[in-house]
Amino acid sequence: MTTVAIVGCTHAGTFAATSILAEHPDWTVHVFERNGTLSFLSCGIALWVGDHVSDPKKMFYSSPEQLAQAGATMHMRTDVTSVDVAGKTLAYRPVDDPSAEPETLAFDKLVVTTGSRPVVPPIPGIDSPHVLLCKNWDHAIAIKSKAKEAKSAVVIGSGYIGAEIAEQFSLTGVKTTLVDGLDRPLANNFDKQITDQVAAAFEEHGVTLALGQKVTAFRDNDDDTVTVVTEKGEYTAEMAILAVGFLPNTDLFKGQVDMLPNGAIVVDDYMRASAPDVYACGDSATVFYNPTGKHDYIPLATNAVRQGLLVGRNIDKPTVKYLGTQATSAVQLYDLSLAASGLAKAGAERRGLTVHETELTEDYRPDFMLTTTPVTSILTWDPETREVKGGQFCSKADISGAANVISMAIQAKFTIDQLANVDFLFQPNFDKPVYYVGAVAMKAAAEA
């Protein structure tokens with residue numbers, strides 16, 4: 001009888017457990033999770049804050065009971081205190097009883113799905129009760145509770161999570177300041193032609209943009225507020241939300257498996273770590289980033305789900321290869337839809353790559369329609385091979401599907417010439433005779 005230990009159970013752990021049990025129903029699968037819940041869709045926190053969620057319980061797509069019914073032995077609110085990868089044992093005890101003597105489990109195979117933890121910089125005063133994190137269900141409850149009464153907030157970090165929280169605060173009457181060390185909102189996701197539109201939308205809705213300034217301290221005040229001190233100013237509010245990124249939660253395995261410098265466990269095409277019978281996936285592991293052809297760290301639920309499913313297919317023997325990722329994503333801010341896949345120019349430069357970009361702004365459907373609106377398209381491509389490396393889109397129309405088109409083009413190693421000749425549909429309700437993805441590809445091919 002094969003015994004599997006799964007450490008951590010959010011998205012990757014949930015799908016790893018279900019896929020293993022589906023493939024090997026006679027195996028013994030132990031699942032260890034520190035929290036009392038699993039499968040929480042944290043991308044819904046901002047939507048819940050803005051009262052766009054029908055029922056917060058629906059933000060969970062699975063439960064300990066469902067995994068138990070599938071055959072897993074569940075250890076909820078359980079802390080794994082140590083793991084001996086080579087000796088194939090782990091020690092664990094209840095989170096609520098840290099003085100308890102740890103129990104030991106021997107395993108044949110180990111699945112690391114410990115996920116990520118929010119980055120909490122060593123800034124003076126950051127342990128203030130007014131400074132909240134935005135990652136799990138407990139964080140969501142705290143933010144939702146405080147947002148009911150709060151009239152002001154400072155959001156630190158203008159990535160997807162910070163931008164969405166700031167947007168929803170501003171729409172619910174909370175006076176909001178958005179702070180970031182970079183000089184543009186969503187600077188790691190989109191280029192300036194698009195982030196300028198995002199900045200304008202924030203300012204139109206009363207959000208104070210405190211960009212290009214790092215936080216240096218948090219100071220609690222006697223009137224139950226907190227002051228966020230930056231290099232350039234001070235911003236006082238009833239709460240501060242910290243959303244400055246994530247790091248792999250892999251301290252248990254340091255020195256036992258190969259990792260990137262940030263702690264992400266390096267896995268191969270079959271989700272195998274460097275040690276025998278060890279698998280890793282989700283936010284605790286690397287992904288193969290197709291635009292660069294290298295391992296990278298991109299903590300997205302989509303990556304976690306697909307990698308988790310592969311663990312079940314490959315845990316007995318290598319069977320199905322991981323196809324890699326393009327980090328395809330989208331966000332809605334006010335009336336702006338933004339979507340992207342692959343490399344933006346700034347992301348390419350950070351990785352030491354040279355790319356060309358082609359930009360096109362045109363109405364997304366014919367002018368004879370009673371309404372239409374512009375879409376900004378930016379296509380990133382390799383000047384040597386002409387391969388598509390990325391795409392970004394922004395419009396008041398729903399352009400989210402365009403990012404999926406670019407994702408497939410990157411994965412299939414399309415050139416700009418091939419993308420320009422794809423058979424895209426034309427229907428006046430949806431697009432022009434030349435779909436804007438095809439149009440920007442045609443422009444790129446003409447420029448090359």
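For the structure, see preceding data.
Trainee: Which residues make up the pattern of salt bridges, and what values go with them?
Mentor: Summed over the entire model, instances satisfying the criterion amount to 16 salt bridges. Taking the shortest distance from any N to any O, the salt bridge between Lys144 and Asp51 comes out at 2.6 Å. Here Asp51 lies in the loop between α2 (45-49) and α3 (64-70) and Lys144 lies in helix α4 (residues 137-147), a separation of 93 residues in the sequence. Residue classification places Lys144 among the buried residues on the basis of a relative accessible area of 11%. Overall, Asp51 belongs to the exposed group, its relative accessible area being 59%. For the salt bridge of Asp277 with Lys88, the shortest nitrogen-to-oxygen distance reads 2.6 Å. You can see Asp277 sitting in the loop between β17 (246-248) and β18 (278-280) and its partner Lys88 sitting in the loop between β4 (78-84) and β5 (89-94), a full 189 residues away along the chain. The partly exposed category is assigned to Asp277, whose relative accessible area is 28%. Three or more residues are tied together by salt bridges with common partners; here these are Lys88, Lys109 and Asp277.

Trainee: Give me the packing of aromatic side chains: which residues, what numbers.
Mentor: The geometry of two aromatic rings is summed up by the distance between their centres and the angle between their planes. Tallied over the entire structure, the rule returns 11 aromatic pairs. Counting every residue linked through ring pairs, the aromatic cluster contains Phe40, Trp48, Phe60 and Trp137. Here Lys135 stacks its cationic end above the ring of Phe246, 4.8 Å away from the centre of that ring.

Trainee: Account for the side chain of His139, with residues named and values stated.
Mentor: One can find His139 in helix α4. Residue class for His139 comes out buried when judged on its relative accessible area of 17%.

Trainee: Give me the layout of surface pockets: which residues, what numbers.
Mentor: Space inside the second largest pocket adds up to approximately 240 Å³. Contributing to the lining of the second largest pocket are 14 residues, with Thr302, Arg306, Gly324, Thr325 and Ser407 lying nearest its centre. Where the lining of the second largest pocket is concerned, the elements lending two or more residues are α7 (301-314) and α9 (400-411). The element that contributes the greatest number of residues to the lining of the second largest pocket is α7, accounting for four residues.

Trainee: Requested: an account of the environment of Thr286, with residues and values cited.
Mentor: Inspection of the secondary structure puts Thr286 in the loop between β18 and β19 (287-289). Take Thr286: its relative accessible area is 1%, and that puts it in the buried class. Between the C-alpha atom of Thr286 and that of Ile298, which follows or precedes it by 12 residues, the distance is 7.3 Å. Ignoring sequence-local partners within four residues, the contact set of Thr286 consists of Leu260, Ala264, Ile265, Val266, Val267, His295, Asp296 and Gln307.

Trainee: Explain the nonpolar core to me, and be specific about the residues and the numbers.
Mentor: Grouped together as the largest cluster of nonpolar side chains are 52 residues, with contacts concentrated most on Ile20, Leu90, Leu110, Val111 and Val311. For this core, the element with the highest residue contribution is helix α1 (residues 11-23), accounting for five residues. Discounting residues that sit within four places of it in the chain, Val111 has contacts with Val4, Ala5, Ile6, Val7, Ala16, Ile20, Tyr279, Val311 and Ile315. Core analysis: the second largest hydrophobic core is formed by 40 residues, Ala163, Ile194, Ala201 and Ala340 among them.

Trainee: Can you tell me about the pairing of strand β2 (residues 28-33), naming the residues and giving the values?
Mentor: In terms of burial, β2 is a largely internal element, five of the six residues being buried. Strand direction decides the pairing type here: strand β1 (residues 3-7) and β2, joined by five bridges, are parallel. Bridge assignment links Ala5 to a residue of β2, and that residue is His30. Once the chain exits β1 it traverses α1 before rejoining the sheet at β2, and the crossover so formed is right-handed. With five bridges connecting them, β2 and strand β3 (residues 72-76) associate as parallel partners. Across the sheet, residue Glu33 finds its bridge partner in β3, namely Met76.

Calculation criteria
Residues numbered from 1 in each chain as written. Predicted model: local features only at pLDDT ≥ 70, side-chain atom pairs only at ≥ 80, totals over all residues. Heavy atoms only, no water. Salt bridge = Lys/Arg side-chain N within 4 Å of Asp/Glu carboxyl O. Helix = DSSP H or I, 4+ residues; strand = E, 2+ residues; numbered from the N terminus. Buried < 20%, exposed > 50% of the residue type's maximum accessible area, 1.4 Å probe, protein only. Phe/Tyr/Trp six-rings, centres within 6.5 Å; stacked < 30°, edge-to-face > 60°. Lys NZ or Arg CZ within 6 Å of the ring centre and 35° of its normal. 1 Å grid on protein atoms, 1.4 Å probe; cavity = no way out; pocket = protein on both sides within 12 Å on 5 of 7 lines; lining within 4 Å. Points joined across faces, edges and corners; volume = space filled by probe spheres on them. Contact = heavy atoms within 4.5 Å. Core = buried A, V, L, I, M, F, W, Y, C linked by side-chain atoms within 4.5 Å. Pairing = 2+ DSSP bridges. Right-handed = clockwise from strand over helix to strand, strands pointing away.

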